[in-house]
Amino acid sequence: MTQLTLTVNGTEHALDVPPSRYLAEVLRYDLGLTGTKIGCDEAECGCCTVIVDGQSVDSCIYPAFKAQGAQVSTIEGLAQTRSCSQNGSSHALELHPLQSAFIRHGATQCGFCTPGFIMQATTLLDENPDPSDKEIKECLKDTYCRCTGYTAIINSVKAAGEYMRTGTMPEAELPSVIEPLSQIGQPLERPDAVDKVTGAALYTDDYTFDGMLFGATLRSEHPHAHIREIDTAAARALEGVHAVLTHADVPGDPRHGLVENDWPVFAGGRFPARYVGDAIALAVAETAEIAQQALGLIRVEYEALPAVTDPRDALQPDAPQLHPDRPTGNLLKHIKVRQGDVEQGFADADIVVERTYRTPMTEHAFLEPECALAVPAGYSGSRPSTSKEPGASDHDSDKLTVYVGSQIPYSDRRQVAKSLGLADEEVRVIGTLMGGGFGGKEDIAGQIHAALGAQVTGRPVKILYSRQESLIFHPKRHSTIIRIKTGAMRDGKLLAVEAELYGDSGAYASLGEKVMTRATTHATGPYVMPHAKIDCYAMYTNNAPSGAFRGFGVTQSAFAVESNLDILAAELGMDPAELRRKNVMRVGTETATGQELIESVGLLECLDLVEEEIRTSEDGGPSSLSSDPWTSFQIGSKRYAWGIAAGYKNTGLGGGAPDKSEAEVEVFADGTAAIRTSSAEMGQNLVGVLAACTAQELGLPFEKVHVTVMDTDLTPDGGPSTASRQTYVSGNAARLAARAMRQQMQTVLAEKFDTHPDVIAFHEGLAYVDEKRLAQMHGAELPVEGANGTNGSTGKALPQSIRSISFADAVNALLAENRLPKIRYEYWAPQTQPLGTGGDMHFAFSYAVHAALVSVDTDTGEVAVERVISAHDVGRAINPLSLLGQIEGGIVMGIGNALTENYIVENGIPWTERLGQYKMPGIKMTPKMDSHIVEHPTADGPYGAKGVGEISSIPISPAITNAICNAVGVRCLALPVDQDALLLAMRDKEREIDGHWGQT
Amino acid sequence: MSRWRAYHTPTTVAEALSLLHQHKDKARIIAGGTDLILDMEAEHAVVPEVLVDVTKIAGIDRVALEDGWIVLGAGITHTQIESSPLLRAQARCLTESCGVIGGPQVRNVATLGGNVAHALPAADGTIGLLALEAEVEIAGHGGSNRWQPLLSIFAGPGRNRLAPDQMLHAFRFRPIAARAGNAFDRIMRPQGVALPVLGIAARVRLDADLRRVEDAVIAIGPAGPTPFRASGAEEALTAAAEFDDAAVENAVAAAQEQARLRTSKYRASQEYRREMIGVLLRRVLQAAVERARMNDAPTQVEDT
Ligand SMILES: Cc1cc2nc3c(=O)[nH]c(=O)nc-3n(C[C@H](O)[C@H](O)[C@H](O)COP(=O)(O)OP(=O)(O)OC[C@H]3O[C@@H](n4cnc5c(N)ncnc54)[C@H](O)[C@@H]3O)c2cc1C
Ligand code: FES
Ligand code: FES
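Keep in mind the model is a prediction, meaning the values are calculated, not measured. (Residues numbered from 1 in each chain as written. Chains lettered and ligands numbered in written order. Predicted model: local features only at pLDDT ≥ 70, side-chain atom pairs only at ≥ 80, totals over all residues. Heavy atoms only, no water.)

### Some thoughts on the site of ligand 1
1) Next: Neighbouring residues of ligand 1: 31 residues in total, closest B:Ile29, B:Thr34, B:Asp35, B:Thr111 and B:Asp124.
2) Next: In this structure ligand 1 sits where residues from chains A and B come together.
3) Next: Within the backbone of B:Gly33, one N or O atom sits 2.7 Å away from an oxygen atom of ligand 1.
4) Next: One of the side-chain nitrogen or oxygen atoms of B:Arg186 is found 2.9 Å away from an oxygen atom of ligand 1.
5) Next: Burial of ligand 1 by the protein amounts to 94% of the accessible area it has alone, namely 980 Å².
6) Next: Looking at the shell around ligand 1, the elements that each hand over two or more residues are strand E2 (27-30), helix H2 (36-41), helix H7 (112-117) and strand E10 (166-173) of chain B.
7) Next: Split by domain, the residues of the shell around ligand 1 number at least three in each of domain 1 (6-53) and domain 2 (63-173) of chain B. (Near = heavy atom within 4 Å. Polar contact = N/O pair within 3.5 Å; in protein donor to acceptor, adjacent residues only side chain to side chain. Areas by Shrake-Rupley, 256 points an atom, 1.4 Å probe, with all protein chains shown as cover. Helix = DSSP H or I, 4+ residues; strand = E, 2+ residues; numbered from the N terminus. Domains from an automatic or database assignment.)

As structure tokens, this is what we get:
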């Protein structure tokens, strides 16, 4: 220990810390300033940015003793330093202009990157309050965000600068939407926004408990091996080690899994290691360092087994078997779509195009690595709720409690309880804020291990994964090989598709079967396809498991479908937009699985909007202005062209899976309400959606609704946050719970005012008799519910009424009648049917068209996306600001999928070990984006809304490769695009490349 | 990863060297740490017991004009280089090459000395310095300071020739001559590799008519195990009667011929790099010659 003296946000500290501390550790763990985040520990992501003596640094690799005697500023100091008001008496938090701008422009989603961005941006604005886009991008070039797609961040920095210069902050520019209601269709501020911009937001690693121990996980050295022996004696003997656990220590079910119970809590004993991420032992110790050290002392004797790492090899009869007890061997699932008669279809076709496409394994790269913290039953301290609802903190049950940022809290509870041999009710899962999920936080990570550690040691145990561990361990997006054959008539009418997909599902089932089912059912694209024969083989291999990832398999098949379509258009000499227009799904058409689309198909309108905008676009370049936007043009060494693609994506689980969510609403005598459901908030602003639905139904101001999510003791089960389902399913549960509450209050108030319940209206915190409606009612016709099926208010001025009381008094009236102020509503989404039955597989689909203007440097092969024009049919925009965030974030993620991302594994051993080796798009790759919203409401969705979380990242990748082909005549059959291969193909006049970056 | 046990921040060179001498191979110099710490975390470097932080040494981050040389302390950060008016006027190839390293948070702490000492053949700062024909001052325990050519300190990829108790103290190069100009450019790929596919820095001096290249220095990385000077290309340029397309193409051919290009997995094929030598050399020579033509009467630089 050495003494470190430094001044943080104006306060001097003298600390005894080991000389090997990094500044981020001192701030977070020694000073409790957890606003500074750690996303990578390798100077890659910028989450840990703080200011030292006026200069920004990545504090994760900054030795703390470099800051000896220095002035350090962190996010926590930003608002406070400005909080002095004129009269000096106010203690209200005054936000820095950047903090306000980040809120108002939607630049914070999961919020994990936000402190780093704000700190880094202050260094720019301090010097130059009027920065250009280019200067902003240079300043933030190594600060990464996985959620927003950066445009909102750029806009925020500009807005903050403008505020600093002029004293007024410009509003966010939003896409136009249909007429809003009082809460629906409004760009309302996220309920968690202030916490996220001030560093007060707490993620799992930000919690500490008295007596807390730290766990570290030993993982397999081999992609496939029997584990003969595990010798933990030396590790146990190490001072500070409290337990070393292996497969022998699991009291309950030794395996877990979301769909199939095939994933061992620990490999060892009868379970071989099946990929290098498999856990073999857990060391629990006084400090994280000691736990790591203990891992080095564990001796494991492996018997290496042959590994299979290519899904096609895995299907061979002589392939090494991963799960020998499975009757279908390595075949996780053969998924089939059959429609019409493909042979006839191809025979009738004038033209047939067939290609094989490949997509890589990709990584969610959420900026917050996984962390789980378990507090044992019998723990004497308190287990704080993460809810901000007044009174939530009083609820403390003496149960084994797991804090975790998870997409499916109830599933975590089930899996933890089962492996620990407990009843579900003996476990509480409390969801903390999540620094992004994107599908990668659905499976169990450290939850069971932490719970086991806590149970064995009787002390709280935290397990935080390093970025490296996160990369190795968690399920990825399936790599696929897709052979697809498309047949059409000369006039462009599509007739038939035949496809064969191989999906690498890795070592465990995870959601692999579901994901590849979606890839298969969507492999016709959003087009009318009379004949289809699609076969998909989801295979077990010794690679990392593949599971859910935004797009859920459709990202992959859309790349193949939309590429083939452009090849077809070229061979037919047809405009690619026209070819799509001829075939797009419309109301009344049928999907390839036999579902008739009866409503809410806004695809054609999306196509029209996008095409119109390209044709009128000024960036279209000289040659394309009036005529053909798909023709390329050259400026300097760069060749430009537009490319287009369409896509669709189901909302909800579908395929016959019961899809329900339960929400609970409670009203309080202080005039507020609470809405509770376990659905996960991972950055998408579900909490805002839930609050808006509840506020709309109860006629309350948005801020009067407290939202509690992700707590298995306090919130009913909202089901998984997956399949773009939460806005629809949990939004509906919240809406209908609140509506039931409103109806109950209407009944009570009707009696009080001696009138009909239907004329009791709620608006802006008041309950009143709607005299106008009453008059109408007396005039014979009984009105249905108010406009848009809500409570009669459209957000316009409050109608005059002499009979009104406050919402608080309305609640008192309810209580006086001995009615319960709490209602639970279990919402069941419309029934769906399994694949193959010909029934409706899904209750709603979202649609999108994306067009990308791409430049290819003909000297170097470098590809850049310059502009993206998109249109999304989302049914209804509940919150246009958050919706835009989902769209822009999804598009930029799709750009990464096309151009940069590949999780590379060589013979079962990951090459991609660090974040620096997995480049997600940075701010410099963000194109100018024009995003249109199309609202074809779906009858059962909340106010007409359907999902948007995934569709936004689906058509963009093929739009980019289509644009590349339009620009330079080279078709990329594999992702991500490799500038090296592209340049050599241009030079050698090759028309197609199936080389991609990372090819081994 | 286990970690170091002691962290020293000496304020004089003598103190730093005596610490290094005292702990021998148990000690390691740290400057910005942006290479060293990452290497240690990734277990590519052995973790030393003692870190000797050289960035608090007085004068280690200086930029000065001394005895007709422009002198840079080895601890100067890339941010300081980028924002130095003197260097912007005198050494564009250096401000350009250091200006593209990492992002601001990295450049605020990463040093030129660390970039050079890390000894990667494609290190951007090193390539910029090489085109300036820089010399490096090595300080050794016992006060043995000496200047030597930059290229002489590289032993192989990631290996320099410094003894454990020596450190890089400073770099120096001559101010820009009349009718001289320099430039740097590089090719990156957006995927998961931090180092450039190829980087080239060039410095040229033109004759009085501004037509012929009288003197040329061309640095390329990576084009061999250590930072590389394309002497063949330099000769091709100075041998030409005029700076024209033919002269440039001859230089390109000579550089392609002489460079030892490799296919590095996930970074670039040999073939691609060969093409990039042409692309970059054309771009960089064009820029350097344009600057040389503008630099007819160089502004006087004063000692700072
Ligand atoms: C995100 C990121 C992006 C990067 N991008 C680039 C890039 O684009 N181009 C590029 O070239 N580099 C890049 N780097 C690498 C790195 O930032 C540079 O090489 C940097 O200049 C190293 O300097 P440093 O002060 O951090 O060195 P350190 O890490 O402190 O030291 C590096 C090595 O040099 C030794 N050393 C340091 N100073 C001295 C001295 N005075 N005398 C003797 N030995 C010394 C150390 O012992 C160590 O072996 C990047 C790094 C990161 C983290
Ligand atoms: S840069 Fe420090 S945590 Fe990523
Ligand atoms: S908001 Fe930026 S990473 Fe989530």
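### Focus: the pairing of strand E3 (residues 49-52) of chain A
Residues and elements named next belong to chain A.
1) Next: Of the two faces of E3, the one holding Thr49 and Ile51 and the one holding Val50 and Val52 are both buried throughout.
2) Next: Inspection of the sheet shows E3 paired to strand E4 (residues 55-58) by four bridges, in the antiparallel sense. Each bridged residue has a counterpart across the sheet, and for Thr49 the counterpart in E4 is Asp58.
3) Next: As consecutive antiparallel partners, E3 and E4 are separated by two residues, and within that stretch Asp53 has a phi angle of approximately 45°, a positive value.
4) Next: With two bridges joining them, E3 and strand E5 (residues 71-73) adopt antiparallel strand pairing. Bridged to Val52 within E5 is Val72. (Buried < 20%, exposed > 50% of the residue type's maximum accessible area, 1.4 Å probe, protein only. Pairing = 2+ DSSP bridges.)

### With respect to the confidence of the model for chain B
Any residue range with low pLDDT should be treated as having predicted coordinates unsuitable for detailed reading.
1) Next: Looking at chain B, pLDDT values average 95 and 97% of them are 70 or higher.
2) Next: Taken together, the chains of this predicted complex give a pTM of 0.97 and an interface ipTM of 0.97. (pLDDT = per-residue confidence, 0-100.)

### A closer look at the domain arrangement of chain B
Reports often express the size of an interface as the amount of accessible area lost when the parts come together.
Residues and elements named next belong to chain B.
1) Next: Domain boundaries in chain B define domain 1 (6-53), domain 2 (63-173) and domain 3 (180-294).
2) Next: Relative to domain 3, the C-alpha centre of domain 2 lies at a distance of 20 Å.
3) Next: Of the residues lining the interface, 23 residues belong to domain 2; the matching set on domain 3 comes to 24 residues.
4) Next: Area buried by domain 2 at its contact with domain 3 is led by Pro121, Ile127 and Ala131, which between them contribute 26% of it.
5) Next: In this structure, the connection of domain 2 to domain 3 is made through four salt bridges.
6) Next: Close ionic contact of Arg186 with Asp124 constitutes a salt bridge, the shortest N to O distance being 2.6 Å.
7) Next: Connecting domain 2 to domain 3 are nine residue pairs in polar contact (both at pLDDT 80 or more). (Contact = heavy atoms within 4.5 Å. Buried area = accessible area lost by both parts, 1.4 Å probe. Salt bridge = Lys/Arg side-chain N within 4 Å of Asp/Glu carboxyl O.)

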